[in-house]
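Residue strings, one per chain:
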Amino acid sequence: PPSLPRTARGSGAADKPSVQMKAIVHHRYGGLEVLGLEEIPTPRPAAREERVRVEAAALNPKDVLVRKGRFRWLSGNRFPMGTGYDLAGTVVALGAGARGLAIGERVMGMLDGFRGGTCAEEVVVRDDQLAPIPPGLSWIDAASLPLAASTALQALRDLAHVGAGSRVLLHGASGGVGVHAIQVAKALGAHVTSTSGAHNLARCASLGADLTLTYEDPAAPFASGVRFDAILDIYGNRSFRWARAGLAPRGTYVSTVPSQRILFDALTSSLGRGPSARQVVVRARRRDLQTLMGKKASGALRPQDERAKNLART
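Residues numbered from 1 in each chain as written. Predicted model: local features only at pLDDT ≥ 70, side-chain atom pairs only at ≥ 80, totals over all residues. Heavy atoms only, no water.

**Q** An account of the side chain of S255 is requested, with residue identities and associated values reported.
**A** By the secondary structure assignment, S255 is in strand 13 (residues 247-255). In this structure S255 comes out as buried when scored by relative accessible area, which is 4%. Here V257 takes part through its backbone nitrogen, which lies 3.2 Å from a polar atom of the side chain of S255. Dropping the residues within four chain positions of it, S255 is found in contact with D233, I262, R278, Q279 and V280. (Helix = DSSP H or I, 4+ residues; strand = E, 2+ residues; numbered from the N terminus. Buried < 20%, exposed > 50% of the residue type's maximum accessible area, 1.4 Å probe, protein only. Polar contact = N/O pair within 3.5 Å; in protein donor to acceptor, adjacent residues only side chain to side chain. Contact = heavy atoms within 4.5 Å.)

See below:
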């Protein structure tokens, strides 16, 4: 996105924000051409919200799918919509009853929902969706973690109940969620099989995958007869029907891409005693961000920046 010029602020910026700010928004669904840098009203924090001056924001496949209207049944048709869900920045104002963080504190977090808004000079975020940035973590690394790493953590730990000795298959493991899923699964004690493009096999292995496969042959992960306790379909182009061939009797298939099909599979599989299907809908949680920061501090999680660009402020 283009750089976001900072509007003029005085020393009382925390209490008296500028009336307008710059943000990247879109007024209809479509390709990149629908995005524009515009002036919009600076948001004011409501109860239990904090206003953050954004220093870095990350983009994910979710941004592309939402912008194209893939999830309009979730995002609706109320425009303009913002762009970006991840952020790192500085708290500049507190709403009534906001807890846990102070004005001037460096924070990281993400927005729930499907309307975005972190590609902006400032954004309001619920207080429990933010966590302090540990010393030494850059703005860019902090912004790269929340959505992707939280998705991996919540899918593997909460939905698939991965633990020590679990056998996990990660399909599409070289993308934003995947590179974190490999590390999270290993930190939980799992044996990890990854699938990716051939050019990313070494990358997956370097992050801890025990067995790396290309995804050209859908049957390849199941050829050895191993049955997985968890299969995380990160790319979202497989199905529960495909996964059942490789799941243990009480194994769990988790998809990261919402669809009516996965919702149906999740409902019907919950009625039986065999393998189950689940849809991960990531939630912004301070406690999960703190868990991830603990894993980073221990060396079990390394931020992965495929491409990063500092945006100069003018």
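**Q** Describe the packing of helix 4 (residues 146-159) against helix 5 (residues 176-187), with residues and values.
**A** Between helix 4 and helix 5, the shortest axis-to-axis distance is 8 Å and the interhelical angle comes to 50°. With respect to their mutual orientation, helix 4 and helix 5 come out oblique. When you trace helix 4 past helix 5, the crossing you get is right-handed. Taken together, the residues of helix 5 that come into contact with helix 4 (itself represented by A148, A149, T151, A152, L153 and L156) are G176, V177, H180, A181, V184 and A185. Of the residues that constitute the contact of helix 4 with helix 5, the class distribution is nine nonpolar, three polar and no charged. (Axes fitted to C-alpha atoms, helices over the stretch in contact; angles between N-to-C directions. Parallel < 35°, antiparallel > 145°, perpendicular 65-115°, else oblique. Left-handed = near helix turned anticlockwise from the far one by under 90°. Nonpolar A, V, L, I, M, F, W, Y, C, P; charged D, E, K, R; others polar.)

**Q** Now, about the layout of surface pockets: what can you tell me, with residues and values included?
**A** Estimated volume of the second largest pocket: approximately 440 Å³. If you go around the second largest pocket, you meet 23 residues; those closest to its centre are P80, G82, R115, G116 and G117. Taken together, the elements giving at least two residues each to the lining of the second largest pocket come down to strand 1 (20-26), strand 2 (35-41), strand 4 (81-82) and strand 7 (122-126). Across the lining of the second largest pocket, the residue classes tally to 15 nonpolar, four polar and four charged. (1 Å grid on protein atoms, 1.4 Å probe; cavity = no way out; pocket = protein on both sides within 12 Å on 5 of 7 lines; lining within 4 Å. Points joined across faces, edges and corners; volume = space filled by probe spheres on them.)

**Q** Could you give me a rundown of the nonpolar core, with the residues and numbers involved?
**A** Among the nonpolar cores identified, the biggest contains 42 residues, and L156, V162, L170 and L232 are the most heavily contacted of them. At the level of secondary structure, the elements contributing two or more residues to this core comprise helix 3 (139-144), helix 4, strand 9 (167-171), helix 5, helix 6 (201-207), strand 12 (228-233) and helix 9 (286-298). When residues of this core are assigned to their parent elements, the largest contribution, seven residues, is made by helix 4. When near neighbours in sequence (up to four residues on either side) are disregarded, V162 contacts L156, R157, V168, L188, A190 and A230. Judged by nonpolar contacts, the second largest core, of 19 residues, contains V52, L87, V107 and V282. (Core = buried A, V, L, I, M, F, W, Y, C linked by side-chain atoms within 4.5 Å.)

**Q** Go over the side chain of T90 with me, naming the residues and quoting the values.
**A** The residue T90 is located in strand 5 (residues 86-94) in this model. If we skip the residues at most four places from it in the chain, T90 touches R51, V52, R53, E55, G104, E105 and W139.

**Q** So, the sheet that holds strand 12: which residues are in play, and what are the values?
**A** Reading across from one edge, 11-10-9-12-13-14 is the order of the six strands in this open sheet, with parallel pairing throughout. What marks the edges here is a single partner per strand, and that holds for strand 11 (211-214) and strand 14 (276-279). Between one strand and the next, the sheet's axes are offset by a mean angle of 15°, whatever the strand orientation. Strand contacts of helix 8 (residues 260-269): strand 13 and strand 14, with the helix running at about 135° to strand 14, the strand carrying the most contacts. (Pairing = 2+ DSSP bridges.)

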